[in-house]
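Listed below, chain by chain, are the residues.
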Amino acid sequence: MGAELAPLTRRLGLRRRADDPSVRMGNHGHHTVLGAVIGIGPEPARARTEALLDAHPVDQVVVIGVAGGLPPHVALGDVVVPEVVVDDADGTEHRPSIPDDPQRRGTLVTMAGLVKDGVALRALADQGVVALDMETAAVAEVCERRRTPWSVFRGISDDAFDPAVDDAVLGLTRPDGSADPVAVGRFLAGDPARARLLRRLARDLDTATGAAVGAALAATA
C-alpha cells in the first residue's frame, strides 16, 4: 500500500521517475533503490511484480510492509523476517535469499483473504506460523521463476485474532491499497465510534511500517 511505501520514501528521499511515475527512485548507500506499490492480494502482487521486473531489471527484490501477527510468537511493532514463506493456496514453500540474517525466524503464510476463525489461527500458531500476509508468496514465486533474489521484512500491525480487523476494514481500501473515501464514509456512518478504531489502526500501521523499513535498510546497507 501507499502507507507501506511512505516511510521508505521519506527515509531515502525517493523521487518519482519521469519515465514511470508509479515508481520512486533514490539511493541507499551504494545501492540504487526503486520503490513501488504492488497492491493488496496475491494476484495484484503477482501481476505488478511481473510488470515491474519487466520494466526495471533489479539485483534484489525486497518486500517491505505489514502483516497480522500470531501471538505468542510476535507482538505489535515486531518485525518478521521469516525462514520460510508458504503459499496457502497450494502449500508451496519459498525461502528468502538472505539466509544469514540473525532476525530470521518462523513461517509467514500468504493468504488470499483474512482468516478470522480462532481455531484455524491457533492451529497455524501451533505449527510455528508467526504471521499472515496477502502478497509475499506471490512475489516470491515470480522472483524465483526469474531467478531474482528476494527477501521480506514485515512489521506486525495487528493481532490476527483481533475481531475488529475484519473484511469490513479490508474493504475500506481499493485494490492498490489506497483508501476508498466512499467506503470509509459508509463505514463511519454506520457507527461514528468506529473513527477511534481507524485512528488506532492507522497508528499501529505507522509503527509497523516504520519498524519494517528500519530493519530492511539495516539488513541491506
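Here the structure is a predicted model, which means the values were calculated and not measured. (Residues numbered from 1 in each chain as written. Predicted model: local features only at pLDDT ≥ 70, side-chain atom pairs only at ≥ 80, totals over all residues. Heavy atoms only, no water.)

Novice: Honestly, the pairing of strand E8 (residues 107-110) in this entry has me stumped. Any pointers?
Specialist: Walk down a regular strand and you will see the side chains alternate between the two sheet faces. With burial as the criterion, each face of E8 is covered, one bearing Thr107 and Val109 and the other bearing Leu108 and Thr110. Direction of pairing for strand E6 (residues 84-87) relative to E8: parallel, over a ladder of four bridges. Opposite Asp87, over in E8, you have Thr110 as the bridge partner. Looking at chain direction, E8 and strand E9 (residues 129-133) are connected through four bridges and run parallel. By the bridge assignment for E9, Thr110 is matched with Asp133. (Buried < 20%, exposed > 50% of the residue type's maximum accessible area, 1.4 Å probe, protein only. Helix = DSSP H or I, 4+ residues; strand = E, 2+ residues; numbered from the N terminus. Pairing = 2+ DSSP bridges.)

Novice: Where do I start with the pattern of salt bridges in this structure?
Specialist: Pairs can form between side chains of opposite charge whenever their charged atoms are close. Per the stated rule, a full pass over the model turns up 13 salt bridges. Between Arg146 and Glu50 there is a salt bridge; the shortest N-O distance is 2.8 Å. Of the two residues, Arg146 sits in the loop between helix H4 (136-145) and strand E10 (150-159) while Glu50 sits in helix H2 (residues 42-55), which places them 96 residues apart along the sequence. A salt bridge links Asp162 to Arg200, with the shortest nitrogen-to-oxygen separation between them at 3.2 Å. A residue pair is termed long-range when its members are at least 10 positions apart, and Asp162 in the loop between E10 and helix H5 (167-170) and Arg200 in helix H7 (residues 194-219) qualify at 38 residues. (Salt bridge = Lys/Arg side-chain N within 4 Å of Asp/Glu carboxyl O.)

Novice: What's the story with the nonpolar core in this structure? I'm lost.
Specialist: Note on soluble globular proteins: their nonpolar side chains tend to be buried together. Ranked by size, the top nonpolar core spans 23 residues in total, and within it Ala131, Val139 and Trp150 carry the most contacts. Per-element accounting of this core gives the leading share, six residues, to H4. Beyond its immediate stretch of four places on either side in the chain, Val139 contacts Ile38, Ala45, Thr49, Val61 and Val63. Core analysis: the second largest hydrophobic core is formed by 11 residues, Val84, Leu124, Ala125 and Val129 among them. (Core = buried A, V, L, I, M, F, W, Y, C linked by side-chain atoms within 4.5 Å. Contact = heavy atoms within 4.5 Å.)

Novice: Help me understand the pairing of E10, please; the structure alone is not making it clear to me.
Specialist: The buried fraction of E10 amounts to nine of the 10 residues, a majority that puts the element mostly inside the structure. Where strand E4 (residues 61-69) lies against E10, nine bridges are found, and the strand directions are parallel. Paired with Gly68 across the two strands is Asp158, which belongs to E10. Bridge count for strand E5 (residues 79-80) against E10 is two bridges, and the pairing is antiparallel. Following the sheet pairing, Val79 is matched in E10 by Gly155.

Novice: Help me understand the packing of helix H6 (residues 181-190) against H7 in this model?
Specialist: Packed helix pairs are characterised by how far apart their axes lie and by the angle those axes make with each other. Following both chains from N to C, one finds H6 and H7 inclined at 130°, their axes separated by 8 Å at the closest point. It follows from the interaxial angle that H6 and H7 lie oblique. Between H6, through Val184, Phe187, Leu188 and Gly190, and H7, the contact on the second element is made entirely by Arg194, Ala195, Leu197 and Leu198. Taken together, the residues that form the contact of H6 with H7 break down as six nonpolar, one polar and one charged. (Axes fitted to C-alpha atoms, helices over the stretch in contact; angles between N-to-C directions. Parallel < 35°, antiparallel > 145°, perpendicular 65-115°, else oblique. Nonpolar A, V, L, I, M, F, W, Y, C, P; charged D, E, K, R; others polar.)

Novice: So what exactly am I meant to see when it comes to the sheet that holds strand E1 (residues 15-16) here?
Specialist: In any sheet, the strands associate via hydrogen bonds between backbone groups, in a parallel or an antiparallel arrangement. Here three strands make up an open sheet; going across it, the order is E1-E2-E3 and the pairing antiparallel. A single partner strand is all that each edge strand has here, and the edge strands are E1 and strand E3 (31-36). In this structure, strand E2 (residues 23-28) lies alongside E3, joined through six bridges in antiparallel fashion. Counterpart to Asn27 in the pairing with E3 is Thr32. Sheet contacts for helix H1 (residues 2-12): E2 and E3; angle to E2, the most-contacted strand, approximately 45°.

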